[in-house]
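The lines below spell out each chain.
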There are 2 protein chains.
Amino acid sequence: MVRALLLVAHGSRMTRSNDEIRAMTERVREFSSDGYTLIDCAFLELADPSIGDGIERLIQQGADRVAVLPYFLAAGRHVAEDIPAEVNTKIAEHPSVAIELLPYIGTAEAMPQLLADMIPSPDSEPAA
Amino acid sequence: MVRALLLVAHGSRMTRSNDEIRAMTERVREFSSDGYTLIDCAFLELADPSIGDGIERLIQQGADRVAVLPYFLAAGRHVAEDIPAEVNTKIAEHPSVAIELLPYIGTAEAMPQLLADMIPSPDSEPAA
């Protein structure tokens, strides 16, 4: 069983922003290599690869199970409609591969705590 | 000293998506009420209040220090240009209020681990 993960981000016209997603993908590899042979990223728009191409590439590399993780914070149109549409197309094309769409990260149990940890202590000086 | 936090999200045409942000704001209130008298949210576009109106509202409620936390994952145009522009307008309008723009949440140290925790165990069955 070759398991694969595809992190799906929105994509930006700014190369630096897309490179951030690639760097985050690299860090997820470090945190969760256990059991996942392939971990890569794809973009809904404005950057390559597309979601379909990203899934396709993982399958060509031998994945027989692909988990798609939307790197999105709320279930707007992209999460509710656009990403499922692209994933469903690939599911139809590859009936022998288990392709599953995971919940978007805005639903993570740890998110409120992560946000709270970003807030400066009430005693701190304002940033310059 | 009345400290305030404004969580800034993108905004969506889908009401449910904006309501998610409001619910997350409520959860952040639970996690970090300590020292922050006011915690609210605002939207870059497609939903109300705007960032400017959100900051204004906090100041009208007595805030003399406002931290703005971008609920964004990567530094695309919105994070790099649009949000700072709106915040800077308010800084210019309210020289007696300490308004500071915090790093966007994609930079959180805990983010790679949060992502890794979203990935199903390699032994789990695919979702139906």
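Right above here is the structure, for reference.
*Asks:* Please explain helix α1 (residues 15-32) of chain B as it appears in this structure.
*Replies:* Each α-helix turn comprises 3.6 residues. Residues three or four places apart therefore point the same way. An ideal rise of 1.5 Å per residue puts 26 Å on 18 residues; α1(B) measures up with 26 Å between its terminal C-alpha atoms. The set of residues buried in α1(B) consists of Ser17(B), Asn18(B), Ile21(B), Met24(B), Thr25(B), Val28(B) and Ser32(B). Projected down its long axis, α1(B) shows its buried positions confined to an angular sector of 105 degrees, all on one face. Exposed and oriented more than 90 degrees from the buried face of α1(B) are Thr15(B), Arg16(B) and Glu30(B). Looking at the buried side of α1(B), the elements it contacts are α4 (111-118) of chain A together with β1 (3-9) and β2 (38-43) of chain B.

*Asks:* Whenever I open this one, the relation of the copies chain A and chain B confuses me. Can you help?
*Replies:* Copy one and copy two of the chain differ by a rotation about a common axis and a shift along it. Relative to chain B, chain A is turned by 180 degrees and slid 0.0 Å along the rotation axis, the superposed coordinates differing by an RMSD of 0.0 Å. The transformation relating the two chain copies, once decomposed into turn and shift, fits a two-fold axis. Residue Leu73(A), judged by its C-alpha, is the member of chain A lying nearest the rotation axis, at 4.0 Å. When the interface residues of chain A are mapped onto chain B, 100% of them again fall at the interface, so both copies present the same face.

*Asks:* Hey, could you run me through the interface of chain A and chain B in this one?
*Replies:* Interface extent is often summarised as the accessible area lost during association of the parts. Contacts between the two partners involve 55 residues from chain A, matched on the other side by 55 residues from chain B. Between chain A and chain B lies a buried interface of about 4500 Å² when both sides are counted; carbon and sulfur atoms form 69% of it. It is Leu73(A), Leu115(A) and Met118(A) that lose the most area in chain A upon contact with chain B, and together they represent 14% of the buried surface on that side. A salt bridge links Arg27(B) to Glu109(A); its shortest N-O distance comes to 4.0 Å. Joining chain A to chain B, the criterion identifies eight residue pairs in polar contact (both at pLDDT 80 or more). At the level of elements, β1 (3-9), α1 (15-32), β3 (65-70), α3 (77-93), β4 (98-101) and α4 of chain A are the ones that each hand at least two residues to the side of chain A that touches chain B.

Rules used throughout
Residues numbered from 1 in each chain as written. Chains lettered and ligands numbered in written order. Predicted model: local features only at pLDDT ≥ 70, side-chain atom pairs only at ≥ 80, totals over all residues. Heavy atoms only, no water. Helix = DSSP H or I, 4+ residues; strand = E, 2+ residues; numbered from the N terminus. Expected span 1.5 Å × (residues − 1). Buried < 20%, exposed > 50% of the residue type's maximum accessible area, 1.4 Å probe, protein only. Arc of directions from axis to C-beta. Contact = heavy atoms within 4.5 Å. Least-squares fit on C-alpha atoms with pLDDT ≥ 70 in both. Buried area = accessible area lost by both parts, 1.4 Å probe. Salt bridge = Lys/Arg side-chain N within 4 Å of Asp/Glu carboxyl O. Polar contact = N/O pair within 3.5 Å; in protein donor to acceptor, adjacent residues only side chain to side chain.

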